[in-house]
Amino acid sequence: MTLRLYNTLTRQKEIFNSIETDKVSMYVCGPTVYNYIHIGNARPAIVFDTVRRYLEYRGYRVTYVLNFTDVDDKIIRAAKEEGMDLKQLSDRYIAAYQEDVTRLGVREATVYPRVTESMDEIITFIQTLIDKGFAYESEGDVYFRARKFEAYGKLSHQSLDDLQSGARVEVDERKEDPIDFALWKKAKPDEAYWESPFGHGRPGWHIECSAMAKEHLGETIDIHAGGQDLTFPHHENEIAQSEACNGHPFSHYWMHNGYINIDNEKMSKSIGNVVLARELIDQYSGVLLRFFMLSVHYRSPINFSHELIKQSEQGLKRIENTVKSLIERSDTGISGKVSVAKEIDDLTRKFEAAMDDDFNTANAIAVIFDAVKVINTYLAKQVVLSADLEAYADMLKRFFDVLGLEIEAEEELLDEEIDQLLVEREEARKNRDFNRADEIRDQLKAENIILEDTANGTRCVGVKQWKKYMFYR
Ligand SMILES: [Zn+2]
């Protein structure tokens, strides 16, 4: 079987070949950390985590780099407003990001480089571009000479003329050409700055990813990914910088996920319809939000509405119910009239074929529903052996692992041991034994169970591992 993925660079589905056999290097553009993430930011986190999980399922070792943009105009403004320094502000929102995406089942990246910690690499990168004639200094700024990079426009499929006449280039008298873009920006008075051979200032946005990808993954990488809105100018400029500097192709494959609309409208601050990821996770659950997003192919736009997510919830419930019955019933041996090995093979092949086709999670989920239908029939007719039911359960678990679907626990899912700890903690709180209460809270936290004390008692909001609380209770 062959994995194919859609490459924005060639606008085609291509057979995936990694640079090194069994290894994949992947760079995903991360958030600018000045606020909580909205569901538009949650989508690439979920999508590219799923890509990574499937590559690992296919036997690759994946090095996954996700950067944090922790210097930028919006961060500087937000820090001023909140009366914090840049680091305090970005630390706060990086922690919030990690909390949110963890609840969405996103696994930890291999490295999380930050702009403020990569300043030497960025400055060296800019210096090389100046030395090679691809960049020039102008009144304390440094600009990239876009026209000198002949392939400029190849990712967004635009010619220099298109760009010239488009409204997306900024005219500025400090630039030789309107299509040039900033690599280094001179500091304004009272603004945080870094020292450099080009004067006090800070890097432009695009250069950070070129420099950090090179530092952590080398000059040519396998997959570079991000939201569709990053194609131009961000990724176009990254390619120009990296290929001009290194003299090699920057990334073999470019992947972009589609937009999210809210009730058929574009999400924007001015309309006031921005939906924060954490609000939805609280209202529904991380696993449901992830399931909802993966029910649509990653390149298609998603329309978000509460109605649609509730429909999705019914689908997820159907799967959960089957899994629950599967666990309950797999202990009660039934007659073995039907052999399931071939069926499990077929379903697995179908699931893999869906994922091999440009990570088509929508079709992969359809295969899960097919499996659910078959399993329900067996459960009703009692015609398969318990070992076969277990084999089905194992198959589903493999599928869920690929999709990163874990079950968020509700109170009724707590097992006795946890119940007991909760009772003990209530008791300790009543007796004002707060040390013991905190101890229990930490113990449960280590199990990914987060406790929230409210006026009406204690609530569990943790994400629990499917395996532990659903499969093997
Ligand atoms: Zn980037």
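Cut-offs and rules
Residues numbered from 1 in each chain as written. Predicted model: local features only at pLDDT ≥ 70, side-chain atom pairs only at ≥ 80, totals over all residues. Heavy atoms only, no water. Pairing = 2+ DSSP bridges. Helix = DSSP H or I, 4+ residues; strand = E, 2+ residues; numbered from the N terminus. Axes fitted to C-alpha atoms, helices over the stretch in contact; angles between N-to-C directions. Buried < 20%, exposed > 50% of the residue type's maximum accessible area, 1.4 Å probe, protein only. 1 Å grid on protein atoms, 1.4 Å probe; cavity = no way out; pocket = protein on both sides within 12 Å on 5 of 7 lines; lining within 4 Å. Points joined across faces, edges and corners; volume = space filled by probe spheres on them. Donors = N, O, S within 2.8 Å, 3.2 Å for Na, K, Ca; no water. Tetrahedral: all angles 85-135°; square planar, octahedral: opposite > 155°, others 65-115°. pLDDT = per-residue confidence, 0-100. Contact = heavy atoms within 4.5 Å.

**Notes on the sheet that holds strand β7 (residues 181-186)**
For step 1, the next point in the chain: Taken together, the four strands give an open sheet; going across it, the order is β5-β6-β7-β8, and neighbouring strands pair in antiparallel fashion. What marks the edges here is a single partner per strand, and that holds for β5 (135-138) and β8 (201-203). Ignoring which end each strand starts from, the neighbouring axes of this sheet average 20° apart.
For step 2, the next point in the chain: Looking at chain direction, β5 and strand β6 (residues 141-144) are connected through four bridges and run antiparallel. Its bridge partner being in β6, Tyr136 is matched across the sheet by Tyr143.

**Topic: helix α7 (residues 231-246)**
Every α-helical turn comprises 3.6 residues, leaving residues that sit three or four positions apart pointing alike.
For step 1, the next point in the chain: Burial runs high along α7: 15 of the 16 residues are buried.
For step 2, the next point in the chain: Looking one or two places after α7, you find Gly247, whose phi comes out positive at around 75°.

**Here we look at empty space enclosed by the protein**
In this approach the atoms are scanned with a rolling probe the size of a water molecule, which exposes any empty space left behind.
For step 1, the next point in the chain: Throughout the structure, instances matching the rule amount to three cavities of 30 Å³ or more.
For step 2, the next point in the chain: In this structure, the largest cavity spans a volume of roughly 60 Å³.
For step 3, the next point in the chain: Lining the largest cavity, in full, are Val47, Thr50, Val51, Leu294, Val296, His297, Tyr298, Phe359 and Thr361.
For step 4, the next point in the chain: In terms of residue count, the dominant contributor to the lining of the largest cavity is helix α1 (residues 39-57) (three residues).

**Focus on the coordination of the zinc ion**
For step 1, the next point in the chain: Within the protein, Cys29 (SG), Cys209 (SG), His234 (NE2) and Glu238 (OE) serve as the donor atoms for the zinc ion, at 2.0 to 2.6 Å.
For step 2, the next point in the chain: Coordination at the zinc ion is irregular: its four donor atoms span angles of 72 to 126° at the metal.
For step 3, the next point in the chain: All donor residues of the zinc ion come from one chain, and their arrangement in sequence is C-x179-C-x24-H-x3-E. On the criterion of sequence distance, the pair formed by Cys29 in the loop between β3 (23-28) and α1 and Cys209 in helix α6 (residues 205-217) is long-range, its members being 180 residues apart. The pair Cys29 / Cys209 is uniform in exposure class, with both members buried.

**A look at the confidence of the model for the chain**
For step 1, the next point in the chain: When pLDDT is averaged across the chain, the result is 89; 92% of the residues are at 70 or more.
For step 2, the next point in the chain: Across residues 408-413, where pLDDT falls below 50, the model places 21 contacts with residues more than four positions away in sequence or in other chains.
For step 3, the next point in the chain: Here residues 463-473 scores under 50 on pLDDT; set against residues more than four positions off or in separate chains, the count is 48 contacts.

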